[in-house]
Amino acid sequence: MSTAREQPDPRAMLRGGLPDRYLTPDDIAGIFEVPKETVYQWRRKRVGPPGFRIGKHLRYDPADVRAYVTQRKTADRDAA
């Protein structure tokens, strides 16, 4: 039995289809298995999936995250 405080694994959401909400920096850190500070560094350096602000909150569109992953996979494949 799950409680209201439990969050689903964001990686499972992306594998199973796009979630119906914008992703948070915590979600991005979980998806890519990196510290949250890395997510903020990616934003400062303009690398990583593109994010946007809603007021003071940073959010990521799941479609943009999927496109970023696809682009990275293609770039890695072309470099090999």
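Keep in mind it's a predicted model, so treat the numbers as computed, not measured. Along each chain, numbering runs from 1 in the same order as the chain's sequence is written. Only residues with pLDDT of at least 70 get local features here, since the model is predicted, and only at 80 or more are side-chain atom pairs given and counted; chain-wide, interface and lining totals rely on the full set of residues. Heavy atoms from the whole structure form the basis of all side-chain values; hydrogens and water molecules are not counted.

Caption draft 1: Representation of the side chain of aspartate 27. Inspection of the secondary structure assignment puts aspartate 27 in helix α2 (residues 25–32). N or O atoms within 3.5 Å of each other form a polar contact, as long as, within protein, one can give a hydrogen and the other can take it, and as long as residues adjacent in sequence are counted only when both atoms are side-chain atoms. Of the polar contacts made by the side chain of aspartate 27, one reaches the backbone nitrogen of threonine 24; its length is 3.0 Å. Note on conventions: DSSP H or I runs of at least 4 residues are helices, E runs of at least 2 residues are strands, and numbering of each starts at the N terminus.

Caption draft 2: Inspection of the pattern of salt bridges at higher detail. Each reported salt bridge corresponds to a side-chain nitrogen of Lys or Arg within 4 Å of a carboxyl oxygen of Asp or Glu. Evaluated as defined, the whole model comprises four salt bridges. Lysine 36 is paired through a salt bridge with aspartate 26; the nearest N and O atoms lie 3.3 Å apart. Here lysine 36 is found in helix α3 (residues 36–45), whereas its partner aspartate 26 is found in helix α2, with 10 residues between them in sequence. Classification of residues uses two cut-offs on accessible area relative to the type maximum, computed with a 1.4 Å probe and protein chains only: under 20% is buried, over 50% is exposed, and between them is partly exposed. Residue lysine 36 is classed as partly exposed on the basis of its relative accessible area of 37%.

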